[in-house]
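Chain by chain, the residues:
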Amino acid sequence: MKKAVVLLSGGLDSATTAAIAIKEGYEAIALSFRYGQRHEKELQAAAKIAQALNIQQHHIIEVNLSQWGGSSLTDTNLEIPQEGVQPDVIPSTYVPGRNTVFIAIALSLAEATGATAIYLGINAVDYSGYPDCRPEYLDAYQKLANLASKTAIEGNTIQLVAPLVKDTKVDIVKRALNLGVPLAETWSCYQGGEKPCGVCDSCRIRDHALIAAGRSDLISSNY
């Protein structure tokens, strides 16, 4: 069976992406990161999702980006925004270089294991301002991947696949429901509490989409 590395954060988007990769005939190899995020509970969610989707290989890699901070997700001295997404503003939850680092490690894993694709849950529609969630970023990284690996030089390109990049969050919820993704096990909140805060950007976007998709039973206030 063909293999694909799937970046699995534990959130709604990455869980849906993993399910899509499996539906498309890939043996999924899950890759998660402990990068100093305050919401490390997402790694517990990633493990549960991997188990629910019958993913046999799940790697959790230590890459401590909190050593130099620069993001409210990795620096507890900074406040998580709670006023909602602001148009044309890159929020403080942006982690400098995060996707660039993660994809580089995913490329290493893919080449070492013979995987022919890397599935990413990045989304350009609902997260305004994240420069590393845009289609043009992915296109540029694909060119780098083609130049950087022995596999690609030998004619076996590792494809970067972002099936949700142009979906709305409501679209993603509907796809997740159709694929049988265990939404109750996913974790999207940026805060590090036991329950979702319901007011950070990620919670707001998720809850709005769940309500629009007719699944208000899964919103933050019901945890």
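Just so you know, these numbers come straight off a predicted model, no measurement behind them.

The subject of this paragraph is the pairing of strand β1 (residues 3-7). Among the 5 residues in β1, 4 count as buried, and that is most of the element. With 5 bridges connecting them, β1 and strand β2 (residues 27-34) associate as parallel partners. Looking at the pairing, Val-6 lines up with Ala-30 of β2. Summarising the sheet, β1 and strand β4 (residues 117-119) pair through 3 bridges and their orientation is parallel. Following the sheet pairing, Ala-4 is matched in β4 by Ala-117.

The subject of this paragraph is the packing of aromatic side chains. Counted according to the given criterion, the structure contains 5 aromatic pairs. Arranged with centres 3.9 Å apart and planes meeting at 5°, the rings of Phe-33 and Phe-102 form a pair that is stacked. Of this pair, Phe-33 sits in strand β2 while Phe-102 sits in helix α3 (residues 98-113); the two residues are 69 residues apart in sequence, bridging distant segments of the chain. Ring plane angle 65° and centroid distance 5.5 Å describe the contact between Tyr-35 and Phe-102, whose orientation is recorded as edge-to-face. Here Tyr-35 is found in the loop between β2 and α2 (41-52), whereas its partner Phe-102 is found in helix α3, with 67 residues between them in sequence. On the basis of relative accessible area, Tyr-35 is assigned to the buried category, the value being 3%.

Quick look at the UniProt feature "binding site: Zn(2+)" (unreviewed entry) in the protein now. The UniProt record marks Cys-189, Cys-197, Cys-200 and Cys-203 with the feature "binding site: Zn(2+)" (unreviewed entry), using the residue numbering of this structure. Relative to the elements of secondary structure, Cys-197 occurs in the loop between α6 (169-179) and α7 (201-212). Discounting chain neighbours no more than four positions away, the residues touching Cys-197 are Cys-189, Gln-191 and Cys-203. The exposure class of Cys-200 is buried, given its relative accessible area of 0%. Ignoring sequence-local partners within four residues, the contact set of Cys-200 consists of Ile-80, Pro-81, Cys-189 and Tyr-190.

The next subject is the packing of helix α1 (residues 12-23) against α6. At a minimum axis distance of 10 Å, the contact between α1 and α6 shows a crossing angle of 50°. Looking at the two axes, α1 sits oblique to α6. Every pair of crossing elements has a handedness; the one defined by α1 and α6 is left-handed. Packed against α1, whose contacting residues are Leu-12, Asp-13, Thr-16, Ala-19, Ile-20 and Lys-23, the element α6 presents Lys-169, Ile-172, Val-173, Arg-175, Ala-176 and Leu-179 at the interface. Split by residue class, the contact of α1 with α6 holds 7 nonpolar, 1 polar and 4 charged.

Our focus in this paragraph is the UniProt feature "binding site: ATP" (unreviewed entry) in the protein. The positions that UniProt labels "binding site: ATP" (unreviewed entry) are, in the present scheme, Leu-8, Ser-9, Gly-10, Gly-11, Leu-12, Asp-13, Ser-14, Ala-15, Thr-16, Thr-17 and Ala-18. Inspection of the secondary structure puts Gly-10 in the loop between β1 and α1. Look past the residues within four positions of Gly-10 in its chain and what remains in contact with it is Glu-42, Ala-45, Ala-46, Ile-49, Thr-186 and Trp-187. Within the secondary structure, Thr-17 is located in helix α1. Judged by relative accessible area, Thr-17 falls into the buried class, the value being 0%. Excluding residues that lie within four positions of it along the chain, Thr-17 makes contacts with Tyr-119, Leu-120, Gly-121, Pro-163 and Leu-164.

Right, let's talk about α1 for a bit. Look at α1: 17 Å from first C-alpha to last across 12 residues, which is about the 16 Å you get at 1.5 Å a residue. Within α1, 10 of the 12 residues are buried, leaving the element largely enclosed by the surrounding structure. Inspection of α1 places Leu-12, Asp-13, Ser-14, Ala-15, Thr-16, Thr-17, Ala-18, Ala-19, Ile-20 and Ala-21 among the buried residues, and these make up the whole buried set. Buried residues in α1 make contact with β1, α2, β4, α6 and α7. Backbone geometry just downstream of α1 places Gly-25 in the positive-phi region, at approximately 95°.

Quick look at the environment of Ile-211 now. Within the secondary structure layout, Ile-211 lies in helix α7. Along the sequence, Ile-211 and Ala-117 sit 94 residues apart, while their C-alpha atoms lie 33 Å from each other. Leave out the neighbours within four places in its chain, and Ile-211 touches Ser-216 and Ile-219.

The rules behind these values
Residues numbered from 1 in each chain as written. Predicted model: local features only at pLDDT ≥ 70, side-chain atom pairs only at ≥ 80, totals over all residues. Heavy atoms only, no water. Buried < 20%, exposed > 50% of the residue type's maximum accessible area, 1.4 Å probe, protein only. Helix = DSSP H or I, 4+ residues; strand = E, 2+ residues; numbered from the N terminus. Pairing = 2+ DSSP bridges. Phe/Tyr/Trp six-rings, centres within 6.5 Å; stacked < 30°, edge-to-face > 60°. UniProt positions renumbered as here; feature names shortened; annotations may be inferred. Contact = heavy atoms within 4.5 Å. Axes fitted to C-alpha atoms, helices over the stretch in contact; angles between N-to-C directions. Parallel < 35°, antiparallel > 145°, perpendicular 65-115°, else oblique. Left-handed = near helix turned anticlockwise from the far one by under 90°. Nonpolar A, V, L, I, M, F, W, Y, C, P; charged D, E, K, R; others polar. Expected span 1.5 Å × (residues − 1).

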